[in-house]
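Here are the chains, one letter per residue:
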Amino acid sequence: MLFIFDWDGTLLDSTAKIVRAMQSAIAKHNMPARSDEEAKGIIGLGLPEAVMQLYPGISAQMLIKLRDSYAQFFIDADQTPCNFYPHVQNVLAELRAQGHLLAVATGKSRRGLNRVFNNLNRQDFFDASRCADETASKPNPLMLNQLLDELDCDVSQAVMVGDTAFDLEMASNAGMKSIAVSYGAHSEERLLKHKPVLYMDSFNELLSWERGC
């Protein structure tokens, strides 16, 4: 089976850092305030799409300024790397040992994902990955379809694991099963609307689900 994972908020405990970086960028440019919940709500989208959702009608020039400031605040904060959520590393290692394919589908940029792969020594751990700046942003299913093509996997043999409604909607748009985690950016109510096959409070529940397939 192919397990496709979102990154921030699903594997890596980085939600708070993302929110802080966005709030710092908003303050720097004296933009109208947005709550932390509103900032969390756009996690999972590509960065331009996230900014446009926070500020509909924003000018192209200001979008670029806010995007670039966010990226710099995040990079500066990421000098202290985030940790994986509990059980993530052991579960991923077990899935690999069982012969499953592992991939990442993320709203991060390729540069950002490569940086965190290097920081965490995960350069060759995943079989494939797609980032929002090299394909369409979630919830468009293009990145999932590209991963299926690259890894020669039928959609019936794949599952998307994520913490946001954008992850689950993307999976639905691709005709793919989805699994939600409870500890990330979006609420249970938002996630369950997309009918995931499993709603996990702990990442190690994924192994029990896999054994039942």
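Summary of the structure given here. Each residue is numbered by its place in its chain's sequence as written, counting from 1. Owing to the predicted nature of the model, reporting of local features is limited to residues with pLDDT of at least 70; listing and counting of side-chain atom pairs is limited to 80 or more, with chain, interface and lining totals taken over all residues. Side-chain numbers here rest on the full set of heavy atoms in the structure, without hydrogens or water.

Some points on the pairing of strand 4 (residues 158-162)
Link 1 in the chain: Burial here depends on accessible area, computed with a 1.4 Å probe over protein chains only, as a share of the maximum for the residue type. Under 20% is buried, over 50% is exposed, and the range in between is partly exposed. What counts as a helix is a DSSP run of H or I of at least four residues, what counts as a strand is a run of E of at least two, and both are numbered from the N terminus. Strand 4 sits mainly inside the fold: five of its five residues count as buried.
Link 2 in the chain: Side chains Ala 158, Met 160 and Gly 162 project from strand 4 onto one buried face, and the interleaved Val 159 and Val 161 project onto a second face that is buried too.
Link 3 in the chain: Pairing between strand 1 (residues 2-5) and strand 4: four bridges, direction parallel. Within strand 4, the residue paired with Phe 3 across the bridge is Val 159. Strands are treated as partners if at least two bridges between them are detected by DSSP.

Regarding the environment of Leu 11
Link 1 in the chain: Checked against the element boundaries, Leu 11 lands in the loop between strand 1 and helix 1 (15-28).
Link 2 in the chain: You can call Leu 11 buried: its relative accessible area is 0%.
Link 3 in the chain: The sequence separation of Leu 11 and His 87 amounts to 76 residues, and the corresponding C-alpha distance is 9.5 Å.
Link 4 in the chain: Between two residues, a contact is recorded if the distance between any of their heavy atoms is within 4.5 Å. Apart from the residues lying within four places of it in its own chain, the contact partners of Leu 11 are Phe 5, Asp 6, Phe 84, Tyr 85, Val 88, Leu 92, Phe 126 and Phe 203.

Things to note about the nonpolar core
Link 1 in the chain: The criterion is simple. A nonpolar core is a set of buried Ala, Val, Leu, Ile, Met, Phe, Trp, Tyr and Cys residues joined through side-chain atoms within 4.5 Å. If you look at the biggest cluster of nonpolar residues, it comprises 31 residues, and the most contacted ones within it are Phe 5, Trp 7, Leu 11, Leu 92, Phe 126, Phe 203 and Leu 206.
Link 2 in the chain: Breaking this core down by element, the ones donating at least two residues are strand 1, helix 5 (88-97), strand 2 (101-106), helix 6 (110-120), strand 4, strand 5 (177-181), strand 6 (198-200) and helix 10 (205-212).
Link 3 in the chain: Those residues in contact with Trp 7 that lie beyond four places of it in its chain are Leu 12, Phe 84, Val 104, Ala 105, Thr 106, Lys 108, Leu 113, Val 116, Phe 117, Leu 120 and Phe 126.
Link 4 in the chain: In terms of nonpolar packing, the next biggest core, distinct from the first, is built from 23 residues, Val 19, Leu 54, Ile 58 and Ala 185 among them.

Notes on the sheet that holds strand 2
Link 1 in the chain: Pairing within the open sheet is parallel, and its six strands lie in the order 3-2-1-4-5-6. Because the sheet does not close on itself, it has two edges, and the strands there are strand 3 (128-131) and strand 6. The sheet shows a mean angle of 20 degrees between the axes of neighbouring strands, direction not considered.
Link 2 in the chain: For strand 5 and strand 6, the ladder comprises three bridges, and the chain directions are parallel. Counted as the bridge partner of Ile 179 is Leu 198 from strand 6. Angles run from 0 to 180 degrees between N-to-C directions of axes, and those axes are lines fitted to C-alpha atoms, restricted for helices to the stretch in contact.

Observations concerning the pattern of salt bridges
Side chains that differ in charge, positive against negative, can pair when their charged atoms come close.
Link 1 in the chain: Salt-bridge detection follows one rule: a side-chain nitrogen of Lys or Arg within 4 Å of a carboxyl oxygen of Asp or Glu. For the structure shown, the criterion picks out ten salt bridges.
Link 2 in the chain: For the salt bridge of Lys 138 with Asp 6, the shortest nitrogen-to-oxygen distance reads 2.9 Å. Separated by 132 residues along the polypeptide, Lys 138 in the loop between strand 3 and helix 7 (142-150) and Asp 6 in the loop between strand 1 and helix 1 bring together distant segments of the chain. No difference in accessibility class separates Lys 138 from Asp 6, as the two residues are buried.

Nothing here speaks to function; it is all geometry.
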